[in-house]
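Residue strings, one per chain:
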Amino acid sequence: MLCARIHDYQKPLVVEDIPRPSNTNGEAVLVKVGAAGLCHSDLHLINGEWKDAIPLALPKTPGHENAGWVEEIGDTVPEGLFSKGDLVAIFGGWGCGICKFCKSGDEQLCVAPRWPGLSQLDGGYSEYILVPSYRFLVKVGKKGGLVPEELAPLTDAGLTPYRAIKKVRHMLGPGTSIAVIGMGGLGSYGIQYAKILAPNSTVIAVDRNDKKLSLAKNFGADRTVNSATTKSIRQEVLQLTEGIGVDVVLDTVGAENTINDSVRMLAKGGALVVVGLFGGQIKVPLLQAVVNEYQVIASLWGNYNELREVIELASQRKIKHAYHSYSLKQINQAIDQLRQGSIIGRAVIVP
Ligand code: FEH
Ligand code: ZN
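Residues numbered from 1 in each chain as written. Chains lettered and ligands numbered in written order. Predicted model: local features only at pLDDT ≥ 70, side-chain atom pairs only at ≥ 80, totals over all residues. Heavy atoms only, no water.

Draft legend 1. Main features of the site of ligand 1. Near ligand 1, the surroundings consist of C39, S41, W50, H64, W115, D156, T160, L277, L300 and W301. H64 is positioned such that a nitrogen or oxygen atom in its side chain is 3.2 Å from an oxygen atom of ligand 1. Taking D156, its side chain carries an N or O atom lying 2.4 Å from an oxygen atom of ligand 1. Taken by itself ligand 1 offers 280 Å² of open surface, and the protein chains cover 91% of this. Residues of the shell around ligand 1, tallied by class, amount to six nonpolar, three polar and one charged. (Near = heavy atom within 4 Å. Polar contact = N/O pair within 3.5 Å; in protein donor to acceptor, adjacent residues only side chain to side chain. Areas by Shrake-Rupley, 256 points an atom, 1.4 Å probe, with all protein chains shown as cover. Nonpolar A, V, L, I, M, F, W, Y, C, P; charged D, E, K, R; others polar.)

Draft legend 2. Up close: helix α7 (residues 233-240). Listing the buried residues of α7 in full gives I233, V237 and L238. Relative to the axis of α7, the buried residues are bounded by an arc of 130 degrees and lie together on one face. Contacts from the buried residues of α7 go to β10 (223-226), β11 (246-251) and α8 (256-264). Positioned one or two residues after α7, E242 has a phi angle of 55 degrees, which is positive. (Buried < 20%, exposed > 50% of the residue type's maximum accessible area, 1.4 Å probe, protein only. Helix = DSSP H or I, 4+ residues; strand = E, 2+ residues; numbered from the N terminus. Arc of directions from axis to C-beta. Contact = heavy atoms within 4.5 Å.)

Draft legend 3. Quick look at the coordination of the zinc ion (ligand 2). Taken together, the protein ligands of the zinc ion (ligand 2) are C39 (SG), H64 (NE2) and D156 (OD), with distances of 2.0 to 2.3 Å. Going along the chain, you hit the donors of the zinc ion (ligand 2) in the pattern C-x24-H-x91-D. Remark: D156 occurs in the loop between α3 (148-154) and α4 (160-168) and H64 occurs in the loop between α1 (40-47) and β4 (66-73); sequence separation between them is 92 residues. Across the pair, exposure class does not vary: H64 and D156 are buried alike. (Donors = N, O, S within 2.8 Å, 3.2 Å for Na, K, Ca; no water.)

Draft legend 4. Summary view of the pattern of salt bridges. Under the counting rule described, the total for this entry stands at 16 salt bridges. Put simply, K84 and E71 hold a salt bridge, and the shortest N to O gap is 3.7 Å. Separated by 13 residues along the polypeptide, K84 in the loop between β4 and β5 (87-90) and E71 in strand β4 bring together distant segments of the chain. The exposure class of K84 is exposed, given its relative accessible area of 59%. For E309, the salt bridge identified is with K166, shortest N-O distance 2.9 Å. Of this pair, E309 sits in helix α10 (residues 304-315) while K166 sits in helix α4, and the two are 143 residues apart along the sequence. Using a relative accessible area of 30% as the deciding quantity, one classes E309 as partly exposed. Taking relative accessible area as the criterion, K166 reaches 27% and is therefore assigned partly exposed. If you follow the salt bridges from partner to partner, you end up with R20, E71, E72 and K84 in one network. (Salt bridge = Lys/Arg side-chain N within 4 Å of Asp/Glu carboxyl O.)

Draft legend 5. Region of interest: the packing of aromatic side chains. Throughout the structure, instances matching the rule amount to five aromatic pairs. Both rings, one in W94 and one in F136, keep their centres 5.7 Å apart while their planes meet at 15 degrees; by these two values the pair is stacked. A residue pair is termed long-range when its members are at least 10 positions apart, and W94 in the loop between β5 and α2 (100-104) and F136 in the loop between β6 (128-131) and β7 (137-139) qualify at 42 residues. For W94, a relative accessible area of 0% gives the class buried. Taking 5.1 Å as the distance between ring centres and 70 degrees as the angle between the ring planes, the aromatic pair formed by Y162 and Y193 counts as edge-to-face. Of this pair, Y162 sits in helix α4 while Y193 sits in helix α5 (residues 185-197), placing them 31 residues apart in sequence. Neither Y162 nor Y193 differs from the other in exposure class; each is buried. Here the aromatic cluster, defined as three or more aromatic residues joined through ring pairs, consists of Y162, Y189 and Y193. The ring of Y128 carries R20 above its face, with NZ or CZ at 4.5 Å from the centroid. (Phe/Tyr/Trp six-rings, centres within 6.5 Å; stacked < 30°, edge-to-face > 60°. Lys NZ or Arg CZ within 6 Å of the ring centre and 35° of its normal.)

Draft legend 6. Molecular detail of the pairing of β5. Neither face of β5 is left uncovered, since the one carrying L87 and A89 and the one carrying V88 and I90 both have all their residues buried. Relative to β5, β4 runs antiparallel, the two being bridged by four bridges. Bridging from a neighbouring strand, A67 pairs with A89 of β5. Across three bridges, the pairing between β5 and β7 is antiparallel. Residue pairing across strands places V88 opposite K139, the latter belonging to β7. (Pairing = 2+ DSSP bridges.)

Draft legend 7. Geometry of the layout of surface pockets. Approximately 230 Å³ is the volume attributed to the second largest pocket. Looking at the second largest pocket, it is lined by 15 residues, and the ones nearest its centre are P21, L121, D122, I129 and L130. Residues belonging to the lining of the second largest pocket are distributed by class as follows: 11 nonpolar, three polar and one charged. (1 Å grid on protein atoms, 1.4 Å probe; cavity = no way out; pocket = protein on both sides within 12 Å on 5 of 7 lines; lining within 4 Å. Points joined across faces, edges and corners; volume = space filled by probe spheres on them.)

Draft legend 8. Highlighting the sheet that holds strand β13 (residues 295-298). Spatial ordering of the open sheet is given by β10-β9-β8-β11-β12-β13, a layout of six strands whose pairing is parallel. One side of each edge strand has no neighbouring strand; the edge strands of this open sheet are β10 and β13. The average undirected angle you get between the axes of adjacent strands in this sheet is 20 degrees. Bridge count for strand β12 (residues 266-274) against β13 is four bridges, and the pairing is parallel. If you follow V273 over to β13, its bridge partner there is I297. Sheet contacts for α8: β8 (177-181), β11 and β12; angle to β12, the most-contacted strand, approximately 155 degrees. (Axes fitted to C-alpha atoms, helices over the stretch in contact; angles between N-to-C directions.)

Quick look at the structure:
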């Protein structure tokens, strides 16, 4: 099977033919990959920036945002659950199943995770991916006619902001506002969830790129702020919120400058929810944080049930998708474009 693997950090992925997994035993399911989304985390991984935190035995196939069709079914998968050819989204937070986080349903927070493409297990930049348990598959019905290119990003880019906004939806409602920083893959879903989960809040999209901001408008953002051209993001946001600031900021970038901007636009009692992993430190001025009772919340990915919810929304065609397809052979081109920030929406690899 064709796949794209990291052989050396900071080098292009190597597209090569390797034997297809032959061990679809027990609970495992072999999935023919229909699409695999390209995430910023893959850039960190390929650059070697995470090699201490997430040590990999190279060569390794990345790709943790996957959807496709059931190809082979292990012998202990309960009868009748899956059939060959079923369309499935692959939940990527593969956990041990028995720790307190897995048992509470937040398997993406497992104490011993085996995330595809981000651990010793191979991911989806490949014609086939071996999923260690049927428990990580969401079977997708025909409603809405979803295709793998739409489903794959939903397993991460479309899942992470959903969980994040659910954590703070009680702070939103009439007369409130939320700013979503970064209109890449996550942000373009984030503004839509803000509109769905808090329909009466004002949703402000923030990015450096006008094309991404116009996508955000198209996807339901009420207001946009270009952080590269504005004289002051804080002043512009204050103007848009009658001098109050925003009740919630969702930072999908997670860089020191976006965290600084986020804190400076918060209303009293506001919450900053960070999902972006660009890097650096979260620094919040202590006096300001306490006096204003700011909340800083980190949120990782989403759980299996949250994935089911976003797929349900997508099946009802309540969310829009922006993606660009690349073949496996074009994967290094997609990686370069993601590095340059020139992809509008999500890049998906279609093997
Ligand atoms: C990054 C690191 C570890 C787990 C998950 C991730 C994200 O890419 C998920 O969006
Ligand atoms: Zn990711």
